[in-house]
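Each chain is listed here by its residues.
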Amino acid sequence: MTGACVVVTGIGVTAPNGLGTEAFWDATRAGRGGIGRVRRFDPQRYPARLAGEVPGFVAEDLLPARLLPQTDHMTRLALVAADWALEDAGVRPGDVPEFDMGVTTASSAGGFEFGQRELQNLWSRGGRYVSAFQSFAWFYAVNTGQISIRHGMRGPSGVVVSDQAGGLDAIAQARRQIRKGSRLIVSGGVDGSICPWGWVAQLAGGRLSLRDDPDRAYLPFDAEACGHVAGEGGALLVLEDADAARERGAAKVYGEIAGYGATFDPAPGSGRPPGLERAIRLALADAGADPDEVDVVFADAAAVPELDRIEADAINAVFGPGGVPVTAPKTMTGRLYSGAASLDVAAALLSIRDGLIPPTTNVSPAAEYELDLVTDRPRAAEVRVALVLARGQGGFNSAAVVRAPSAAARTAAAV
C-alpha cells in the first residue's frame, strides 16, 4: 500500500473559540476570538495572565464517570475530540477490524494539571494520598492510550513530541502507518497545561506575551509583536486509506494529506540557514505540487520578530513576495502547542470545503514582511491546495500540503 492516498473523513475540534467543529469554524469565519484572562487558576501573581481556554466544556456531560478520576483536563478534551471525529466520519463499532485501526497523537507536556495536583498531595499529605492514576495520567502518550482503549483500536499507535510542530508530525506518522497497511488512524493533537506548574514552564521559554489586552497580546507579523498567548485544545482527525474509506461507505471526504516535510534548524552560531524553507520545498515535492498551485498558507505565526522574519523569508523564497495569501487564525485561539497545527489542518480542510480563507485578527501587517496576510474578514477564494506550517521551540520545522478531494473520492463518498 506504499503511496496510498490518505484522506480525512472526520474532524473533532475542542478550541478556545468554539467547542465542536462547526462552532469553531463559525467563530473563526466571523473573527471571534477565545483569548481572555486565565480562569483555570488565579494568574494575578504571574507576568502573563491571558490564555485561550475552551469554553463551555463540562466533562461530566460528555464522558463516562469512570474516566473522570483517571484523566487530566487535557485528556478529557482529547477524548471528546476523538469521539466527535469518529462520529463525523461515521465510523461505527465493527466497521473496521480492531487491529486495522490505530491512534497517533502529539503532546508537548502531558497531563500537567493532574500531575501538579498529585505532587501537591505527595508533598503536603504523603504518598498514600497520591492517585494510582498518576502513573499514566501525566504521561505524554496518555491521549493515545485512552483513545485507543475507549474505541478498541489495537493497531499501530504512538505519540510524537516536537512542541508546536507535533500536530503535523503526528499526522505524517499516521499517514505512514496507513501506507504500510493500516486502514484507519485517529491523529492530530489536543494539548494544554494551563495550571501554575505548566504556566511557569511556559514563562521560562521566554516567548509568552505579557500584555493584558486580548486584542493586542498576540500579533504575528505586526510591528508590535511581543510573543504569543498560550492556549488549550486542538483537533483530532480520522485518516483513512482512500480505498478503505470507500469500501466502508464513508459519508464524506474533506481532503487528502498530500505532502509532508520536516527539518531541524542548525545550532545557533553555525552560520547555516534555518530549515523552514527546506521543509516547505520537501512537502511540496512530496505532494507533487508546484508553488503556484498553493492557494493559501496557514502560518506558524510565532509573534516573535526574529521568528516572524524567518517565516516570512521562507514563504517569500518559495512563493515570491506577496505571492500567496497567508493566514494565521490562531490569533483567535492562542498557540495550542501540539494542538495548534492539527487545528490549522482542520481549518484548511474547512477552507477547501467552503471556498474561503479565514482571517488573521487584530494584526496590522508590517510592510517589511512582504506578505499578503489575510486580515479583518474572510477572503472568498477557491481553495484547492493549502500549505500548513508549524515550528516547535528547539528547532523543529514541519510543513504539510492538504489537497481538495479528487472527483473520484467525492463520488465514492456520495454513493
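Scroll up for the structure.
Reading the values: rules and limits
Residues numbered from 1 in each chain as written. Predicted model: local features only at pLDDT ≥ 70, side-chain atom pairs only at ≥ 80, totals over all residues. Heavy atoms only, no water. Helix = DSSP H or I, 4+ residues; strand = E, 2+ residues; numbered from the N terminus. Buried < 20%, exposed > 50% of the residue type's maximum accessible area, 1.4 Å probe, protein only. Polar contact = N/O pair within 3.5 Å; in protein donor to acceptor, adjacent residues only side chain to side chain. Contact = heavy atoms within 4.5 Å. Salt bridge = Lys/Arg side-chain N within 4 Å of Asp/Glu carboxyl O. Patch = residues over 30% accessible without salt bridge, like charges linked within 9 Å, V, L, I, M, F, W, Y side chains within 5 Å. Areas by Shrake-Rupley, 256 points an atom, 1.4 Å probe, with all protein chains shown as cover. 1 Å grid on protein atoms, 1.4 Å probe; cavity = no way out; pocket = protein on both sides within 12 Å on 5 of 7 lines; lining within 4 Å. Points joined across faces, edges and corners; volume = space filled by probe spheres on them. Nonpolar A, V, L, I, M, F, W, Y, C, P; charged D, E, K, R; others polar. Expected span 1.5 Å × (residues − 1). Phe/Tyr/Trp six-rings, centres within 6.5 Å; stacked < 30°, edge-to-face > 60°. Lys NZ or Arg CZ within 6 Å of the ring centre and 35° of its normal.

1. A short note on the side chain of Gln70
Reasoning step 1: Relative to the elements of secondary structure, Gln70 occurs in the loop between α2 (59–62) and α3 (73–89).
Reasoning step 2: We classify Gln70 as buried; its relative accessible area is 14%.
Reasoning step 3: Within the local environment of Gln70, its side chain forms a polar contact with the backbone oxygen of Arg66, the two atoms lying 3.1 Å apart.
Reasoning step 4: Leaving out residues up to four positions away in the same chain, Gln70 has contacts with Phe114, Phe133, Phe136, Ala137 and Gln146.

2. Some points on the pattern of salt bridges
Reasoning step 1: Within the structure shown, the criterion is met by 25 salt bridges.
Reasoning step 2: For Asp286, the salt bridge goes to Arg175, with nearest N and O atoms at 2.9 Å. Residue Asp286 is located in helix α10 (residues 276–287), and its partner Arg175 is located in helix α7 (residues 166–179); the two are separated by 111 residues in the primary sequence.

3. Section: a nonpolar patch on the surface
Reasoning step 1: On the surface, Trp138, Phe139, Tyr140 and Val161 cluster together to form a nonpolar patch covering roughly 350 Å² of accessible area.
Reasoning step 2: Looking at where Val161 falls in the secondary structure, it is placed in the loop between β6 (158–160) and α7.

4. Here we look at empty space enclosed by the protein
Reasoning step 1: This model, assessed by the stated rule, comprises three cavities of 30 Å³ or more.
Reasoning step 2: The computed volume of the largest cavity comes to approximately 70 Å³.
Reasoning step 3: Looking at the largest cavity, the residues that line it are Asp163, Gln164, Arg207, His228, Ala302, Leu307, Arg335, Tyr337, Arg391, Gly392 and Gln393.
Reasoning step 4: Broken down by class, the residue content of the lining of the largest cavity amounts to three nonpolar, four polar and four charged.
Reasoning step 5: By volume, the second largest cavity amounts to about 50 Å³.
Reasoning step 6: Forming the walls of the second largest cavity are Phe24, Pro329, Lys330, Thr333, Gly334, Leu336, Ala340, Leu343 and Asp344.

5. Here's the deal with helix α4 (residues 112–125)
Owing to its 3.6 residues per turn, the α-helix aligns residues three or four sequence positions apart on the same side.
Reasoning step 1: With 14 residues, α4 extends 19 Å between its outermost C-alpha atoms, agreeing within 8% with the 20 Å of an ideal straight helix rising 1.5 Å per residue.
Reasoning step 2: All of the buried residues in α4 are Phe112, Phe114, Gly115, Gln116, Glu118 and Asn121.
Reasoning step 3: Against α5 (134–137) and α8 (196–204) lie the buried residues of α4.

6. Quick look at the packing of aromatic side chains
The geometry of an aromatic ring pair is captured by the separation of the ring centres together with the interplanar angle, meaning the angle of the planes.
Reasoning step 1: Summed over all chains, the structure comprises nine aromatic pairs.
Reasoning step 2: Ring geometry for Phe41 and Tyr46: centres 5.6 Å apart, planes at 80°, overall edge-to-face.
Reasoning step 3: Between Phe221 and Tyr369, the ring centres sit 5.7 Å apart and the planes meet at 80°, which makes this aromatic pair edge-to-face. Of this pair, Phe221 sits in the loop between α8 and β8 (230–231) while Tyr369 sits in the loop between β13 (356–357) and β14 (372–373), and the two are 148 residues apart along the sequence. Both residues of the pair, Phe221 and Tyr369, belong to the buried class.
Reasoning step 4: A network of ring pairs unites the aromatic residues Phe41, Tyr46 and Trp199 as a single cluster.
Reasoning step 5: The ring of Phe114 carries the charged tip of Arg117 above its face, separated from the ring centre by 4.4 Å.

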